[in-house]
Amino acid sequence: EKEYAQTVDRRNVSLLSNLYNNISNTYSALHKQVDAAAALEKAFLIRMQHPELDLMETHDLLQQLMNLINLLIMEHRFVDSERILASYENIVIAKIGANSMEYGICQLTHGIIALKQEKASEAERFFLDAEVILRKNTPQSNGYLKSARQYLYALYRKSGKSSLADSYKRK
């Protein structure tokens, strides 16, 4: 923070913002959601205080947004998580594209939110979209792709669609 106070440049602002993001991750792992949200908010504020540095549409910001979305999902704040996810998704579509791994992550996250809200058919559609996008853009060992498949397996198993569940169990 002393370095940041002395030299406000792209590198220092990004480093400090990422530091608070990492602090947020640590609090989250310790199940201190209020502290995690406060640290993440500080990470965003640091970026927002310096719009001239063009740090609002970077990969680091996307990671911070996804961390916030995950915190909101854990707190069952689905309206807020969907609102932030829409912002994330808009940045991804504009900067990276709808055929990217990041867009697949958007679809996976939409599916998780729908599943948490007990909207099984909506969740299935998002998970299937995520699987297609992630399969095209990531190795088979990718954690996001595995997650999409695990959610589909659990969803099909719960809904009694055993042949579909078995096909995802093998994947």
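Residues numbered from 1 in each chain as written. Predicted model: local features only at pLDDT ≥ 70, side-chain atom pairs only at ≥ 80, totals over all residues. Heavy atoms only, no water.

Novice: Is there a simple way to think about helix H8 (residues 143–158) in this case?
Specialist: Structurally, the α-helix is built with 3.6 residues per turn, so residues lying three or four positions apart point the same way. In a regular helix each residue adds 1.5 Å, so 16 residues correspond to 22 Å; H8 covers 22 Å between its end C-alpha atoms and thus fits that length. Every buried residue belonging to H8 is among Leu145, Ala148, Arg149, Leu152, Leu155 and Tyr156, and all of these are buried. In an axial view of H8, the angular spread of the buried residues amounts to 125°, which keeps them on one side of the axis. Exposed and facing more than 90 degrees away from the buried side of H8 are Gln150, Arg157 and Lys158. Elements in contact with the buried residues of H8: helix H6 (101–116), helix H7 (120–137) and helix H9 (162–170). By the N-cap criterion, in which a side-chain oxygen at the helix start approaches the backbone nitrogen of a residue two or three places on, H8 is capped by asparagine 142, the distance to tyrosine 144 being 2.7 Å. Where H8 ends, the next residue or the one after it, glycine 160, has phi of about 80°, a positive value. (Helix = DSSP H or I, 4+ residues; strand = E, 2+ residues; numbered from the N terminus. Expected span 1.5 Å × (residues − 1). Buried < 20%, exposed > 50% of the residue type's maximum accessible area, 1.4 Å probe, protein only. Arc of directions from axis to C-beta. Contact = heavy atoms within 4.5 Å. Polar contact = N/O pair within 3.5 Å; in protein donor to acceptor, adjacent residues only side chain to side chain.)

Novice: Could you clarify how one ought to interpret the packing of helix H4 (residues 59–74) against H6 in this entry?
Specialist: In a packed pair of helices, the relevant descriptors are the angle between the two axes and the axis-to-axis distance. At a closest axis distance of 11 Å, the pairing of H4 and H6 adopts a crossing angle of 10°. Between H4 and H6, the angle falls in the class roughly parallel. Note on element contacts: H6 touches H4 through Glu102, Ile105, Thr109, Ile112, Ile113 and Lys116, opposite His59, Met66, Ile69 and Ile73. Here the contact of H4 with H6 is composed, by residue class, of six nonpolar, two polar and two charged. (Axes fitted to C-alpha atoms, helices over the stretch in contact; angles between N-to-C directions. Parallel < 35°, antiparallel > 145°, perpendicular 65-115°, else oblique. Nonpolar A, V, L, I, M, F, W, Y, C, P; charged D, E, K, R; others polar.)

Novice: In this structure, what is going on with the side chain of glutamine 107? I would like to understand it.
Specialist: If you trace the backbone, glutamine 107 turns up in helix H6. One polar contact links glutamine 107 to glutamate 89, side chain to side chain, over a distance of 3.2 Å. Once residues lying within four places of it in the same chain are set aside, the contact partners of glutamine 107 are Glu89, Phe126, Asp129, Ala130 and Ile133.

Novice: Would you take a moment to explain helix H3 (residues 33–48) for this structure?
Specialist: For H3, with 16 residues, the first-to-last C-alpha span of 22 Å sits near the 22 Å given by 1.5 Å per residue. Within H3, the full set of buried residues consists of Gln33, Ala36, Ala39, Leu40, Ala43, Phe44, Ile46 and Arg47. Projected down its long axis, H3 shows its buried positions confined to an angular sector of 160°, all on one face.

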